[in-house]
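In case you want the letters, here they are:
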Amino acid sequence: RKPSNERTISYWLDGVKRNMKYVWNDGSEMIYKNLGGGRADESSYTEGCVSVMYGPGFLVPEPYSWLKVSCTNDGYPIQYVCKGKNLNDSPTITTTTTVAPTTPSESLPSLVTWGAMQYFFSDEKLNWSESQQKCTDLGGTLATIFSQDEDDFIRGQLRDRKSPSDRSINYWLDGVKKDMKYVWNDGLEMIYTNLRSGRTNENSFKEGCVSVGYSPTGTIPVYSWWTNDCADKRFPYQYICKGEDLEKPSKSAVLKFLESTTGIAVIAAVVLIILLIIILVIAKKRGCCRSLCSCCNKNTNGIESGIDNMAMK
């Protein structure tokens, strides 16, 4: 039942926390259970209920697990599974039409200035290498984060840009794994870091790149950096570019090329070639006219000579 465009699918089960222990809602003990982590474990005084999640590649204990979550968190509504001996095969389904909320990213500018730097928050989703190239085209690099203050700024941007309909929002950063250690792409050490484990940690020989994610309703920390497969097409992310003077993203690559010195030289060469072609065409036409006139003159002279001879005779 999991849609191909969704990372996970979740349903409520009958489990509930009572007296700091999870049982079925009628009080019977969970003789069998597949209970993983969550936001409302047994040591927490938060009311807890049980859901079941399937998420291959998502950061849960297993691709399939039960989770302990808040029963009344409206920010985390999920589907549910009913069980009974004689359930109605055709329950009445009420369909309502709602207007999709405007995503925050539609009202927030893509280019933001913080301190001496500019940051570009993309809407499109790409892999890490493609994102790095986009930032290079803008005159910067994927974002580096050097302090808690800068990290707080990025966190605030992600919080404000996350759509209410999405469980999380993720952007690529400049971090990459080199020699089994995560550093910034230019080799600079991560003096400040908020890096957590992911699909490609330091112990893995798999290529790894760093992303930053904000997920207030997921089973992972609300905000953190993550290690991911740089080229995994299943999880393309948005990206953050950083630079002192990023060009406006609305300017196309073609326009930027035409404005460059090389572009101007190419335009001049094309214009010169066009002018030469025009000159050659005109010259060729004039040459044909002269040949035609010369031919006409020869014929005219011949006719006139013939008439003179006839007159003399």
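What comes next is a walk through the structure. Computed from a prediction, not measured in an experiment: that's the story for all the values here.

## Examining the overall build of the protein
Thought 1: In terms of regular secondary structure, the protein is built from 5 helices and 14 strands.
Thought 2: For the protein, the residues scored as buried account for 35% of the 313 residues in total.
Thought 3: Sequence-distant contacts, at least 24 apart, represent 67% of the contacts inside the protein between residues at least 6 apart.
Thought 4: Within the structure as shown, the protein displays about 20,100 Å² of accessible surface, and the carbon and sulfur contribution to it stands at 56%.

## Topic: the packing of aromatic side chains
Thought 1: With the rule as written, the count across this model stands at 10 aromatic pairs.
Thought 2: Seen in terms of ring centroids, Trp172 and Tyr237 are 5.1 Å apart; in terms of plane orientation they differ by 55 degrees. Their pairing is tilted. Remark: Tyr237 occurs in the loop between strand E13 (223–228) and strand E14 (238–243) and Trp172 occurs in strand E10 (residues 169–178); sequence separation between them is 65 residues.
Thought 3: Among the aromatic residues, those joined into a ring-pair cluster are Phe146, Trp184, Tyr192 and Trp225.

## As for the pairing of E13
Thought 1: With respect to burial, E13 is a largely interior element, 6 of its 6 residues being buried.
Thought 2: Strand direction decides the pairing type here: strand E12 (residues 209–214) and E13, joined by 6 bridges, are antiparallel. Bridged to Gly213 within E13 is Ser224.

## Observations regarding helix H3 (residues 148–161)
Thought 1: Here H3 is 14 residues long and its end C-alpha atoms lie 20 Å apart, about the 20 Å a rise of 1.5 Å per residue gives.
Thought 2: Buried within H3 we find Glu150, Asp151, Phe153, Ile154, Gly156, Gln157, Leu158 and Arg161.

## Structural notes on helix H2 (residues 128–137)
Thought 1: Of all the residues in H2, the buried ones are Trp128, Ser131, Gln132 and Cys135. Around the axis of H2, the buried residues are gathered within 100 degrees of arc, so they sit on the same side.
Thought 2: If you check the start of H2, you find a side-chain oxygen 3.2 Å away from the backbone N of Ser129, and it comes from Asn127.
Thought 3: Positive backbone phi, at 90 degrees, marks Gly139, one or two positions downstream of H2.

## Some words on a nonpolar patch on the surface
Thought 1: A cluster of nonpolar side chains, contributed by Val266, Ile267, Val270, Val271, Ile274, Leu275, Ile278 and Ile282, occupies part of the molecular surface with about 640 Å² of accessible area.
Thought 2: As for its placement among the helices and strands, Val266 is situated in helix H5 (residues 261–312).
Thought 3: On the accessibility criterion, Val266 (38% relative accessible area) is partly exposed.

## Overview of the nonpolar core
Thought 1: By size, the foremost hydrophobic cluster in this structure holds 21 residues, and its most contacted members are Ile154, Leu158, Leu173, Val212, Trp225 and Ile240.
Thought 2: Listed by contribution, the elements that provide at least two residues to this core are strand E8 (117–121), H3, E10, strand E11 (181–184), E12 and E13.
Thought 3: Once you skip the residues sitting within four places of it in the chain, Val212 turns out to touch Ile154, Leu158, Ile169, Asn170, Tyr171, Leu173, Tyr223, Ser224, Trp225 and Ile240.
Thought 4: Cys135, Trp172, Phe235 and Cys241 belong to the second-largest nonpolar core, a separate cluster that totals 15 residues.

Conventions used here
Residues numbered from 1 in each chain as written. Predicted model: local features only at pLDDT ≥ 70, side-chain atom pairs only at ≥ 80, totals over all residues. Heavy atoms only, no water. Helix = DSSP H or I, 4+ residues; strand = E, 2+ residues; numbered from the N terminus. Buried < 20%, exposed > 50% of the residue type's maximum accessible area, 1.4 Å probe, protein only. Contact = heavy atoms within 4.5 Å. Areas by Shrake-Rupley, 256 points an atom, 1.4 Å probe, with all protein chains shown as cover. Phe/Tyr/Trp six-rings, centres within 6.5 Å; stacked < 30°, edge-to-face > 60°. Pairing = 2+ DSSP bridges. Expected span 1.5 Å × (residues − 1). Arc of directions from axis to C-beta. Polar contact = N/O pair within 3.5 Å; in protein donor to acceptor, adjacent residues only side chain to side chain. Patch = residues over 30% accessible without salt bridge, like charges linked within 9 Å, V, L, I, M, F, W, Y side chains within 5 Å. Salt bridge = Lys/Arg side-chain N within 4 Å of Asp/Glu carboxyl O. Core = buried A, V, L, I, M, F, W, Y, C linked by side-chain atoms within 4.5 Å.

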